[in-house]
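Working through the structure, step by step
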Amino acid sequence: MEEKFNKLKDIIRDTDSLLIAYSGGVDSTFLLKAAADILRDKVVAVTATSPTYPDIEVEAAKETAKKLGVRHLLISSNELEIDGFASNPTNRCYFCKKELFDKLKTKAEELGLNYVADGSNYDDIKDYRPGRDAAKELGIRSPLVEAGLTKAEIRSLARRLNLPNWDKPSFACLSSRFPYGTEITIPRLRQIENCENILREKGFRQFRVRYHNEIARIEVGEDEIQGFFEKDTRDYIAERFKENGFTYITVDIQGYRTGSMNQLLTKS
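A brief report on the enclosed structure follows. Note that this is a predicted model, so its numbers are computed, not measured. (Residues numbered from 1 in each chain as written. Predicted model: local features only at pLDDT ≥ 70, side-chain atom pairs only at ≥ 80, totals over all residues. Heavy atoms only, no water.)

Ordered by their spatial adjacency, four strands build an open sheet running E3-E2-E1-E4, and the pairing between neighbours is parallel. In the strand order of this sheet, the two ends are held by strand E3 (71-76) and strand E4 (115-117), each with one partner. Between one strand axis and the next, the sheet turns through 30 degrees on average, direction left out of account. Of the strand pairs in this sheet, strand E1 (residues 18-21) and E4 are connected by three bridges, and their pairing is parallel. Residue pairing in the sheet places Leu 18 in a bridge with Tyr 115 of E4. Along the sheet, helix H2 (residues 26-39) makes contact with E1, strand E2 (43-49) and E4, crossing E1 at roughly 165 degrees. (Pairing = 2+ DSSP bridges. Helix = DSSP H or I, 4+ residues; strand = E, 2+ residues; numbered from the N terminus. Axes fitted to C-alpha atoms, helices over the stretch in contact; angles between N-to-C directions. Contact = heavy atoms within 4.5 Å.)

Pasting the structure below:
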């Protein structure tokens, strides 16, 4: 891990200046911290606001960047206006990332920064990630991948650096809650966002609400599934989810796992 961290520092140093696609998650925060320590004022964090990115995540990103003392910019994006995105094809993320990285490259040129980098880690290359194709096409750097740093190693290093979100649960844009081929709309995104806020209010940390038309399939960390054995909790969540348009509310006994919607692709 130490060798990888040193390699990351060398990679960052060689860029001389950097614009970082900053989501506010532990990966991009760790990359931002490492870059800021080396490049100082020649690193800028940019976060894209969009209907698929909840307000609570935007505010958390702003707060963390402020604590790091890094210049942080917001740009507007709306994936639903991209041809081919809302129909939710299997390469949906490609369209989203291509638009985002195009905008970030333009912003980097305006600011006189040499490279655009994202927070992809080495574990990400093991999953189906069509967004990485867009990154490769547009020459976006992924320093954490280049250094070979895994999620667990990044969390360990982030904790050592006293980053406030070192143990922040993993998050993906709300579009990932829909099975491929299911149309993504603003009302459906807000439905999912509201229901995930309900789980957050009840104290759950790692979760996803997966959309299956009238069915909400809840994934939570395995150590949190037991929380649904409490009748008051179940009744409250069921009532609130129904208020938000779901008819049936289920809990996935396998718990939360990254890319669970990709299982259908594997079967196909």
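We are not done yet, so read on.
Bringing the packing of helix H1 (residues 2-15) against H2 into the picture now. Between H1 and H2, the shortest axis-to-axis distance is 10 Å and the interhelical angle comes to 60 degrees. Taken together, H1 and H2 sit at an angle that is classed as oblique. Remark: the crossing between H1 and H2 carries right-handed chirality. For the pair H1 and H2, the contacting residues are Phe 5, Leu 8, Lys 9, Ile 12, Arg 13 and Thr 15 in the first and Phe 30, Leu 31, Ala 34, Ala 35, Ile 38 and Leu 39 in the second. (Parallel < 35°, antiparallel > 145°, perpendicular 65-115°, else oblique. Left-handed = near helix turned anticlockwise from the far one by under 90°.)

Moving on to H1. With 14 residues, H1 should reach 20 Å at 1.5 Å per residue; the first-to-last C-alpha distance of 20 Å fits that figure. Among the residues of H1, those classed as buried are Phe 5, Leu 8, Ile 11, Ile 12 and Thr 15. End-on, the buried residues of H1 take up no more than an arc of 115 degrees, which puts them together on one face. Exposed positions of H1 whose direction lies more than 90 degrees from the buried face are Glu 3 and Asp 14. In this structure, the buried residues of H1 make contact with E1, H2, E4, helix H6 (143-146) and helix H7 (151-160). Looking one or two residues beyond H1, the residue adopting positive phi is Asp 16, at roughly 70 degrees. (Expected span 1.5 Å × (residues − 1). Buried < 20%, exposed > 50% of the residue type's maximum accessible area, 1.4 Å probe, protein only. Arc of directions from axis to C-beta.)

On to the nonpolar core, then. In this structure, Leu 8, Phe 30, Val 43 and Leu 149 are the most contacted members of the largest nonpolar core, which totals 30 residues. Those elements giving two or more residues to this core turn out to be H1, E1, H2, E2, helix H3 (55-68) and H7. If sequence neighbours within four positions are ignored, Phe 30 has contacts with Phe 5, Leu 8, Leu 144, Leu 149, Ile 154, Leu 157, Ala 158, Leu 161 and Leu 163. (Core = buried A, V, L, I, M, F, W, Y, C linked by side-chain atoms within 4.5 Å.)

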